[in-house]
Amino acid sequence: MEKEKFYLTTAIAYASQKPHIGNVYEIILADTIARYKKQRGYDVYLCTGTDEHGQKIEDLAQKKGVTPKAYVDDISGEIERIWRSMNTSFDRFIRTTDDFHIQCVQKLFKQLYDQGDIYKDKYEGWYCVPCESFFTETQAKDGLCPDCGRPVKRTEEEAYFFKMSRYADQLMEHIEKNPGFIEPESRKKEMINNFLKPGLQDLCVSRSSFKWGIPVSFDDKHVIYVWIDALSNYITALGYDKEQPGENFKKYWPCDVHIVGKDIMRFHTIYWPIILMALGLPLPKKIFGHGWLNFGSDKMSKSKGNVIYSDDLLPLLGVDGIRHYVLSEMPYAADGSITYEAMISRYNTDLANNLGNLVNRTAAMTKKYFGSVIPAPGVGTEFDEDLKETAHKTAVSVQEKLDSYHVADALEEVFSLFRRANKYIDETAPWALAKEEANKARLETVIYNLLETIRIGAVLMSSFLPESAEKILTLLGGAEAAWDSAFVFGTLVPGSQVGEPVVLFARLDEEAVLADIQAKKQAKDEPAEKEKPEGLAQISIDQFMQVELRSAQIIACEPVPRAKKLLKLQVDLGYETRQIVSGIAAFYGPDDLIGKKVIVVANLAPAKLCDVESQGMLLAAGEDPIRVVFLDPETPNGERVR
Ligand code: MSP
């Protein structure tokens, strides 16, 4: 019988910088689901890759003095290497600079233009380079991007637009008729309420202010908007062609699940389905939006110096240690958290103590009492029944949870089975049974049950931690990881041989590991040598004195609602109190600032930032990170600084 197909994808990562552990989580998650589906007998196709066009990449390449293509070749190679280092089993690694992809995107753009879904017009508004997005006057309040808070550029250009509104009703109907189309439910609500209900605006789908993109085939002044280019990867990777669709496209499309992060749900649940509708193609069955992995409760960012890379974790935790951590820590719908302390603790608790000890102790007892030969089970007791029942319930529950993408919960079930097995050792005390020959049959049953529970656990965890599961199954004499075998207690054949006891996960010494991480971090943070800046034209002392700099003390500080970058400060100038709005929220909080003495530009014309009045400016150095200039705490307030 032909196998049922299962096509799944990850987002394609930007080839702008090395991916961090959050990006890596996504491919691990997709790989886990792919492996599980394979275990269930599906013909699985997992597609991942890199998103390589856009102004940001053009700028980065220019800064580095290389061509954009050379730049993305390098990063894309790194990304593929990192994905492989996590033992992920993808079938296709697509790059948006692949020739086939480029041709296909050009063709579909032309098709959409020819059929009237795309039209040419003039664009006037605000543009955010890092987000590669346009905003209207009201969206880009006070010249700041509503998505990332960075300054936007005034832009006026000819551009192509997609008539999104044409398909809005059809999309809404599809969402209503297909309850599993967007998951989790909370993100579905967000998409409907924040984007669909207020009405869809036409989307600007070309750019002419930079060159690094796929050219519009019939108008070479324009390159195709990076999101149309990127989203199309899901069909070009399968060899989509309107006239002659490739075999993989015919076999695997529509996609069974797009796995993406919460930040790009809008592109996947609104723009992408609408593009597909316009192309006359079936829609994906599901878009699953996972949460973000944060450092503690903070977003990972280079400027905060809190970015964690899988390369640095590998020597500490190993591949399965990393997989185990990220898969366990990301809840179904909310964000997850990563810290070095939590990683070490989870590793020691779950992997070294729970699973590692269970396997090691059981293999050692099998060796000691039965010369490493699997004994035949005899009559059971209530403890045995409870263990068997737990194993069965675990298999049922892991399947249910994986089928509904509750991946962390599924993994927790497996580890709870291992905990149950450890408890069974305490309940049955095999070392006591071994003392008397009369208890031999009982001891045989206990050891058999332990080996069998470990086998079931290993089958259930093999999509999460493939390398460790395989080691365990090999230790048990080469048992298969067939999914259905997890539902049958009693598959191991008595009389066959078990391997030598091994330490699967050596315990980590928290103090030593943290000290090591700290030392490596310091070595990396050595500042690079600074280039001499070009400098500005000279000014006279009189010109300088026209800037009224004064000492002041920060007496209050609070965030500005809906402006992630801004803080509202009250400063005491000695002769009056002023309100200053400063874009330093990413680097300082109230606790770092209240009571500190700073330098204020006191004769700066007042301005409004995100609707909040600012009566001056604080002096600070740098952009990323920004460092506020603090004065000697003894400085009186309101003194002229010169
Ligand atoms: N190139 C776009 C996606 C185009 S898909 C047609 C992109 N790239 S990305 O490199 O910024 O992100 C890749 C994926 O990683 C996205 O799904 C994103 O949500 C996810 N993550 C980015 N930071 C993350 C965490 N901190 N935690 C978990 N996932 C994270 O977006």
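Presented here is a report on the structure given in the accompanying data block.

Conventions adopted
- Residues numbered from 1 in each chain as written.
- Predicted model: local features only at pLDDT ≥ 70, side-chain atom pairs only at ≥ 80, totals over all residues.
- Heavy atoms only, no water.
- Helix = DSSP H or I, 4+ residues; strand = E, 2+ residues; numbered from the N terminus.
- Contact = heavy atoms within 4.5 Å.
- Lys, Arg positive; Asp, Glu negative; His and termini not counted.
- Charge placed at Lys NZ, Arg CZ, Asp CG, Glu CD.
- Near = heavy atom within 4 Å.
- Polar contact = N/O pair within 3.5 Å; in protein donor to acceptor, adjacent residues only side chain to side chain.
- Areas by Shrake-Rupley, 256 points an atom, 1.4 Å probe, with all protein chains shown as cover.
- Expected span 1.5 Å × (residues − 1).
- Buried < 20%, exposed > 50% of the residue type's maximum accessible area, 1.4 Å probe, protein only.
- Arc of directions from axis to C-beta.
- Phe/Tyr/Trp six-rings, centres within 6.5 Å; stacked < 30°, edge-to-face > 60°.
- Lys NZ or Arg CZ within 6 Å of the ring centre and 35° of its normal.
- Axes fitted to C-alpha atoms, helices over the stretch in contact; angles between N-to-C directions.
- Parallel < 35°, antiparallel > 145°, perpendicular 65-115°, else oblique.
- Nonpolar A, V, L, I, M, F, W, Y, C, P; charged D, E, K, R; others polar.
- Patch = residues over 30% accessible without salt bridge, like charges linked within 9 Å, V, L, I, M, F, W, Y side chains within 5 Å.
- Salt bridge = Lys/Arg side-chain N within 4 Å of Asp/Glu carboxyl O.

Here's the deal with the overall build of the protein chain
The helix and strand inventory of the protein chain stands at 20 helices and 25 strands. Each principal axis of the C-alpha distribution contributes one length, and for the protein chain these read about 105 × 70 × 45 Å. For the protein chain, the proportion of contacts with a sequence separation of at least 24, taken over those separated by at least 6, is 75%. Both charge centroids of the protein chain, one from 77 positive and one from 94 negative side chains, sit 1 Å from each other.

Considering the site of the ligand
If you check the shell around the ligand, you find 22 residues, and the closest are Ile-12, Glu-26, Asp-51, Asp-263 and Leu-293. Gly-22 is positioned with one of its backbone polar atoms (N or O) 3.3 Å from a nitrogen atom of the ligand. In the environment of the ligand, an oxygen atom lies 2.5 Å from a nitrogen or oxygen atom belonging to the side chain of Asp-263. Out of a free accessible area of 660 Å², the ligand has 93% covered by protein chains. Of all the elements in the fold, those that place two or more residues in the shell around the ligand are β2 (13–14), α1 (21–39), α7 (226–231) and β13 (257–261).

Quick notes on helix α4 (residues 99–114)
In this model α4 runs 23 Å from its N-terminal to its C-terminal C-alpha over 16 residues, within 8% of the 22 Å that 1.5 Å per residue would give. Within α4 the residues assigned to the buried category are His-101, Cys-104, Val-105, Leu-108, Phe-109, Gln-111 and Leu-112. Down the axis of α4, the smallest arc covering the buried residues is 160 degrees, so these residues share one side. One or two residues past the end of α4 sits Gly-116, with phi positive at roughly 90 degrees.

Considering the packing of aromatic side chains
In total, this model carries 29 aromatic pairs according to the counting rule given. Measuring from centroid to centroid gives 3.8 Å for Trp-227 and Phe-267, while their planes differ by 5 degrees, and the two rings are stacked. With Trp-227 in helix α7 and Phe-267 in helix α10 (residues 265–279), this pair connects stretches of sequence that are 40 residues apart. The exposure class assigned to Trp-227 is buried, which follows from its relative accessible area of 10%. Given a relative accessible area of 7%, Phe-267 falls into the buried group. A centroid spacing of 6.0 Å and a plane angle of 90 degrees characterise the contact between Tyr-347 and Phe-505, whose relative ring orientation is edge-to-face. Highlighted residues: Tyr-347 in helix α12 (residues 340–370) and Phe-505 in the loop between α17 (466–475) and α18 (510–525), separated in sequence by 158 residues. With respect to class, Tyr-347 is no different from Phe-505; both count as buried. Among the aromatic side chains, those forming a connected cluster through ring pairs are Tyr-7, Tyr-45, Tyr-234, Tyr-240, Phe-249, Tyr-252, Trp-253 and Trp-272. The ring of Tyr-42 carries Lys-37 above its face, with NZ or CZ at 4.9 Å from the centroid.

Section: the packing of helix α11 (residues 310–329) against α12
Across the interface, α11 lies against α12 with an axial gap of 10 Å and an inter-helix angle of 85 degrees. Here α12 runs roughly perpendicular to α11, going by the angle between their axes. Contacts between α11 and α12 involve Leu-313, Leu-317, Asp-320, Gly-321, His-324, Tyr-325, Ser-328 and Glu-329 from the first element and Tyr-340, Ala-342, Met-343, Arg-346, Tyr-347, Asp-350 and Leu-351 from the second. Looking at the contact of α11 with α12 residue by residue, the class counts come to eight nonpolar, three polar and four charged.

Focus: a negative patch on the surface
A surface patch of like charges, here negative, comprises Glu-341, Asp-509, Glu-510 and Glu-511. Inspection of the secondary structure puts Glu-341 in helix α12. Looking at Glu-341, the relative accessible area reads 41%, which means it is partly exposed.

What about the pattern of salt bridges?
Taken as a whole and judged by the stated rule, the model has 44 salt bridges. When the shortest N-O distance is used, the salt bridge between Lys-440 and Glu-444 registers 3.6 Å. Linking Lys-440 with Glu-444, this pair stays in helix α16 (residues 440–461), spanning four residues, or about one helical turn. The partner of Glu-548 in a salt bridge is Arg-550, with the nearest N and O atoms 2.6 Å apart.

Brief notes about the packing of helix α5 (residues 168–177) against α10
Two elements in contact, α5 and α10, have axes separated by 10 Å at closest approach and are oriented at 110 degrees. Comparing their axes, α10 and α5 come out roughly perpendicular. Contacts between α5 and α10 involve Gln-170, Leu-171 and His-174 from the former and Thr-269, Ile-270, Pro-273, Ile-274 and Met-277 from the latter. Tallied by class, the residues present in the contact of α5 with α10 amount to five nonpolar, three polar and no charged.

Overview of the environment of Ala-441
Take Ala-441: it is sitting in helix α16. With a relative accessible area of 45%, Ala-441 lands in the partly exposed category. As for Ala-441 and Pro-377, which are separated by 64 residues in sequence, their C-alpha atoms are 7.5 Å apart.

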